[in-house]
Structures are given as C-alpha cells and as structure tokens.
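What follows is each chain in one-letter form.
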Amino acid sequence: MVPVRVLAVTGLKGGVGKTSTAVNLAALSAAEGHRTLLWDLDPQGAATYCLDLKPKLRGGANKLLGGGKGGLAGVARKTDFANLVVVPADQTVREVDRILSLSAKPGRPIRRLVSGARADFDVMVLDCPPGITPVVEAVAAVTDLLLVPVVPERLPLRALERFTAF
C-alpha cells in the first residue's frame, strides 16, 4: 500500500503563485488517478474560486475543527475533475487561527483531521494562508512536503531564509 502524501503550499506573502501551485498539483494528482483532496485553508478562498465552487464550508470551520461528524471527507465538495474534491473556504475560515491559538494543543485539530482522512485519499494538498500563522505552524507539523513559492528577488529570498529558520 502506498502511503498517503500530504503536501502544503504556503508563503510569506500573497501574489507568488501559492494557490495556483496548490490547485494545479491537486489537479495533476487527480488526473493521474489518485484520490485527491484539496483543502482551502486561506480565508480569501482563491482555491475554492478557481474550481468554481461556492464558498460554503458545511457547518463552518469551528464545527470542523471541533470534531464535527465526517471530518474532511464529510465536508469535501465534488469538482468537475474526476478524483478531486475540495474542502472549500468561506468566511468562517478566518477563525481557524483564533481557534488554534486558543487551544492548549494547537496542532491537534489539524493533525486529527488529516489523520482521519488518510483512508479516503491518496494525496492531500493544503492551500495555506500567507504568513507564519497558527494554521501554517499546525500544517507544517503534519505535512510530508511544505512548498513555499517565492519571487526570486532579494527581499523575498531573505524572507524565505527567515521562514526556513522558523
């Protein structure tokens, strides 16, 4: 049995191709026949928009992170692509940082959701918000690969060095 791959795409600022990278990696994975989940964790909801889905997370982020029934598979929405489902972002995703930062173990809800979805998917791609946030910290702890696209210029490369140190 091939292990589930969990990839996350994040960055220190917007406009560097983070969401485009996440959506395209998820679509390529699905096209190869892998059961693929794309989780839009960015409150801007660009990945949700790119796949022409309504920005509506069933039950909201609070219920999902609190252990609502069905986990990620239960709130994932079908797309026009075979093998690709999306956990969409809506306005409640803005609360994820607050929910995690108030938790005694902030990484636990993300770890629980990703672990719980392993039986349903071969690949999970997480589109994270920009910056070093509680969401990014929690996601970084559960991913096999963390991708950080940057514009190859002096200040973004300096920021990448700081992100890597973090």
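Quick note: structure is the one above.
Since we're looking at a predicted model, the values are computed, not measured.

1. Considerations on the nonpolar core
Stage number 1. With 34 residues, the main nonpolar core has L37, W39, V87, I110, M124 and L126 as its most contacted residues.
Stage number 2. The contact partners of M124, leaving out residues within four places of it in the chain, are V4, R5, V6, L7, L37, V114, A117 and R118.
Stage number 3. Core analysis: the next-biggest nonpolar cluster, separate from the first, contains 14 residues, L7, L51, V86 and V125 among them.

2. Things to note about the sheet that holds strand β2 (residues 36–40)
Stage number 1. Strand order in the open sheet formed by six strands is β3-β4-β2-β5-β1-β6, with mixed pairing between adjacent strands. Two strands lie at the open edges of the sheet, namely β3 (77–78) and β6 (145–147), each paired on one side alone.
Stage number 2. Note: β2 against strand β5 (residues 123–127), five bridges, orientation parallel. Residue pairing for β5: T36 is matched across the bridge by V123.

3. Concerning the pattern of salt bridges
Stage number 1. Enumeration over the complete set of coordinates arrives at four salt bridges.
Stage number 2. D42 is the partner of K18 in a salt bridge, and the nearest nitrogen-oxygen pair spans 3.1 Å. Taken together, the residues span a long stretch of sequence, with K18 in helix α1 (residues 18–31) and D42 in the loop between β2 and α2 (46–50) at a distance of 24 residues.
Stage number 3. Across the pair D127 and K18 runs a salt bridge whose closest N-O atoms are separated by 3.1 Å. Of the two residues, D127 is situated in strand β5 and K18 in helix α1; the sequence distance between them amounts to 109 residues.
Stage number 4. When its relative accessible area of 7% is taken as the criterion, K18 is described as buried.

About the thresholds
Residues numbered from 1 in each chain as written. Predicted model: local features only at pLDDT ≥ 70, side-chain atom pairs only at ≥ 80, totals over all residues. Heavy atoms only, no water. Core = buried A, V, L, I, M, F, W, Y, C linked by side-chain atoms within 4.5 Å. Buried < 20%, exposed > 50% of the residue type's maximum accessible area, 1.4 Å probe, protein only. Contact = heavy atoms within 4.5 Å. Pairing = 2+ DSSP bridges. Helix = DSSP H or I, 4+ residues; strand = E, 2+ residues; numbered from the N terminus. Salt bridge = Lys/Arg side-chain N within 4 Å of Asp/Glu carboxyl O.

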